[in-house]
Amino acid sequence: MRKADIGFAVILLGLAVLVAWESLQLDIGWGFNGPQGGFFPFWLAIGVAICCLIILVQALGGTSSTLRQPLVRPGGWTPILKVAVPATAMVALTEMIGLYPAAALYIGFYMRWIGKHRWLLVLAISVGVPMCSYIIFDKWFLIPMPKGWWGAHLRL
Amino acid sequence: MDAFANLLMGFQIALSPYNLMIATLGIVLGTIIGVLPGLGGANGVAILLPVTFVMSPTSAIILLSCLYWGALFGGAITSILFNIPGEPWSVATTFDGHPMAKQGLGGQALTAAFTSSFIGAAFAIILVTFFAPLIAEFSLKFGPPEFLGIQLLTFSAFIGLGGGSPLKTIAATLLGFLLATVGMDIVSGQLRLTFGTVELMRGFNFVVAVIGLFGIGEILLTVEEGLEFRGAKPQVRWRLILETLGELPQYWKTFVRSALIGAWMGIKPGGATPASFMSYGIAKKFSKTPEKFGTGVLEGVLAPETAAHAAGVSALLPMITLGIPGSPTAAVMLGGLLIWGLQPGPMLFQERPDFVWGLIASMYTGNVIGVLIVLLFVPAFAAILRLPFAILIPLIIYVCAIGAYAVNNSIMDIWYMLIFGLAGYVFKKLDYPIAPLVLALVLGDMTESALRQSLIMSQGSPMIFFSSPIAAVLAILSIWLLVSPILHPLIRKAWERTRGRGYM
């Protein structure tokens, strides 16, 4: 946890420096309309940087408030990756084949792989739920979900 | 009495069949959302926000606020039956609620929790009814320095009262403001912090951030714990409910104390969680049998529930009167107001009385519908958690993805949602609070323009924040809250020395 604390503070510090640098390009001083565009983000970034520096010093000095546990519990990585990787795959698929087919594949895959449910149940839920949401969102509330390749070719 | 006439008008709106249906729908969905892991009040409201674009603003806010009440009720179900607090403020409910459920008294605990939630809410709603117009009237005189003072107070309250590491709270708040500045600068129209990319030009939408940080992050935490929901079976029968209701009046003092604590703490941001703990602690202190607390006493359930619900309602008071949300859920609703084209703040009472009073009246109707529905259908709601995990998790992630996409019809937002989810996980693990980040992201534009307008008014001198009495009081209060985490340990030490023993 301590390493993670230090690492995260370094990442935030880096972000803050990046933002401060970018704000400087926008002018942080007093312009025609009062404070200029870069003024607010610049001082925010400086604030974040100061906080991170103190957090870093505390963590390095061992006086940090966080517990002496690893960031992810032993054995915790597997279930996290089992959720995160298929979810990422679903979003990637959404770009290609649209949200509804991607969701059907994702839900079906997850239920079969992790839950080991019967094929009948897997099919019923993985097809039924996206169908219902298609009716609710695309038809009822007129919020079209991404269609990917199908949208371009079939004009759904 | 102007308030009564307005309230009557509000009831005419809230009691229309359409709005009653919307309210019922909101309560049912909200309770389901409150029961499910990874979906709480804040991201439930965020996911449904796009759906409300097709409704009138009044119906939309009724749907969202009822969703919020439902989520509060749903949180009590999981805390008592499964020992899983759905929201941070239902943690205190688990102390006595879950032991009761394990002893087979789940029905009593749930009845007590729902009834006391209802009483706490009712108390706070009455308060809102009479104080909201007064506060709105008073704050009409506020200019940019005063508004900035209130916003400063909001965030320093998180730092001073939040309980976590003050440094990390400050860092999270500033990060939220930074995320809000990405994209178009509202004052000059310049593009900012886009690093030359098209993707960042639209900026970060708070809905996506809320769904990712609260929803996906929470799911990652849940699966890491490897939680299996093995809950106690609730026995809810009418006789049991009536018996428990008969027992409650003897605790009227606890109700009054807890409702007062909740309503008072709820106005301040992040107040519901400390309110529930404080109320639990005080009920224990005043109890004749304090040693029984924690083993499953009715009073230990109703004290935190009354306070949490009272705080949940009164968190909406600053939102409708000042445009400052008191909780992440209120912040998402406030973002909704902006999307519906309403300017939150004191002018709302004059420009859209139908909206404000419809909302206030729907708090009454929504909580009555809510307490009836949850009492009748507890077993059904609890059954949701018995669904296999391998079905729940992909469904929740799918619903989150729909919500994230629908705000702006952009697949990029689903990617952001995943990134925010990962960030939310790390934030939770490393004790960076999420609530102030979300509040800052929603309020960012308003805060920045208040700051810049104030500085323009004063030609750049920061002394403008002390120029009017109201602004000065607000500024001094916020500074006090900012330094209090440093002073507090010193005061406590002095106090312990004089008392000879620790308190609470």
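Residues numbered from 1 in each chain as written. Chains lettered and ligands numbered in written order. Predicted model: local features only at pLDDT ≥ 70, side-chain atom pairs only at ≥ 80, totals over all residues. Heavy atoms only, no water.

This part is about the overall build of chain A. From N to C terminus, chain A includes six helices and two strands. Counted from the first residue to the last, chain A has its helices and strands arranged as α-β-β-α-α-α-α-α. Looking at the 156 residues of chain A, the share that counts as buried comes to 43%. Pairs at least 24 apart in sequence give 54% of the contacts found in chain A among residues at least 6 apart. (Helix = DSSP H or I, 4+ residues; strand = E, 2+ residues; numbered from the N terminus. Buried < 20%, exposed > 50% of the residue type's maximum accessible area, 1.4 Å probe, protein only. Contact = heavy atoms within 4.5 Å.)

Turning our attention to the overall build of chain B. A count of helices and strands for chain B gives 20 helices and two strands. A compact globule built from 504 residues would reach a C-alpha radius of gyration of about 23 Å, and chain B, at 22 Å, matches this within 12%. Expressed as lengths along the three principal axes of its C-alpha atoms, the size of chain B is roughly 70 × 60 × 50 Å. Taking all 504 residues of chain B together, the buried fraction comes to 62%. Pairs at least 24 residues apart make up 78% of the contacts formed inside chain B by residues separated by at least 6 positions. Accessible area for chain B stands at about 18900 Å²; split by element, carbon and sulfur atoms hold 69% of it. (Rg over C-alpha atoms; globule rule 2.2 N^0.38 Å. Areas by Shrake-Rupley, 256 points an atom, 1.4 Å probe, with all protein chains shown as cover.)

This part covers the state of the cysteines. For the structure on display, the rule yields zero disulfides over all chains. This cysteine, Cys132 of chain A, is not joined by any disulfide, and Cys400 of chain B carries the nearest cysteine sulfur, 18 Å off. (Disulfide = S-S within 2.5 Å.)

With that out of the way, let us pick up the packing of aromatic side chains. Scanning the entire structure with this criterion turns up 21 aromatic pairs over all chains. Taken together, a centroid distance of 5.6 Å and an interplanar angle of 80° make the contact between Phe8 of chain A and Phe427 of chain B edge-to-face. Here the residue Phe8 of chain A occupies a position in helix 1 (residues 2-25), and Phe427 of chain B occupies one in helix 18 (residues 411-429), the pair thus bridging two chains. This pair shows no difference in class: Phe8 of chain A is buried, exactly as Phe427 of chain B is. Measuring from centroid to centroid gives 5.3 Å for Phe109 of chain A and Trp113 of chain A, while their planes differ by 25°, and the two rings are stacked. Of this pair, Phe109 of chain A and Trp113 of chain A are both found in helix 4 (residues 99-115), four residues apart, which corresponds to roughly one turn of the helix. When its relative accessible area of 44% is taken as the criterion, Phe109 of chain A is described as partly exposed. (Phe/Tyr/Trp six-rings, centres within 6.5 Å; stacked < 30°, edge-to-face > 60°.)

What follows is about the interface of chain B and chain A. Put simply, an interface is often sized by how much accessible area is lost when its parts join up. Facing the 57 residues of chain B at the interface are 64 residues of chain A. Summed over both partners, the interface of chain B with chain A buries about 5500 Å², with 81% contributed by carbon and sulfur atoms. The interface formed by chain B and chain A holds three residue pairs in polar contact (both at pLDDT 80 or more) in total. For the side of chain B that touches chain A, the secondary-structure elements that each account for two or more residues are helix 7 (166-181), strand 2 (191-192), helix 8 (206-225), helix 17 (389-408), helix 18 and helix 19 (435-457) of chain B. With 11 residues, helix 17 of chain B is the single largest residue contributor to the side of chain B that touches chain A. By residue class, the composition of the side of chain B that touches chain A is 40 nonpolar, eight polar and nine charged. (Buried area = accessible area lost by both parts, 1.4 Å probe. Polar contact = N/O pair within 3.5 Å; in protein donor to acceptor, adjacent residues only side chain to side chain. Nonpolar A, V, L, I, M, F, W, Y, C, P; charged D, E, K, R; others polar.)

Next up on the list: helix 9 (residues 238-247) of chain B. Residues and elements named next belong to chain B. Taken together, the buried positions of helix 9 are occupied by Leu240, Ile241 and Thr244. Down the axis, helix 9 shows its buried residues gathered within 100° of arc, on one side only. Seen from the buried face of helix 9, the exposed residues on the opposite side, beyond 90 degrees, are Trp238, Arg239, Leu242 and Gly246. (Arc of directions from axis to C-beta.)

Ranked by internal contacts, the top residues of the largest apolar core, which has 203 residues, are Met145 of chain A together with Trp69, Phe114, Ile320, Ile397 and Met417 of chain B. At 16 residues, helix 4 (residues 57-82) of chain B tops the list of elements feeding residues into this core. If sequence neighbours within four positions are ignored, Met145 of chain A has contacts with Leu99, Tyr100, Phe137 and Asp138 of chain A together with Ile402, Tyr405 and Ala406 of chain B. (Core = buried A, V, L, I, M, F, W, Y, C linked by side-chain atoms within 4.5 Å.)

All quantities given are derived from atomic positions and should not be read as evidence of function.
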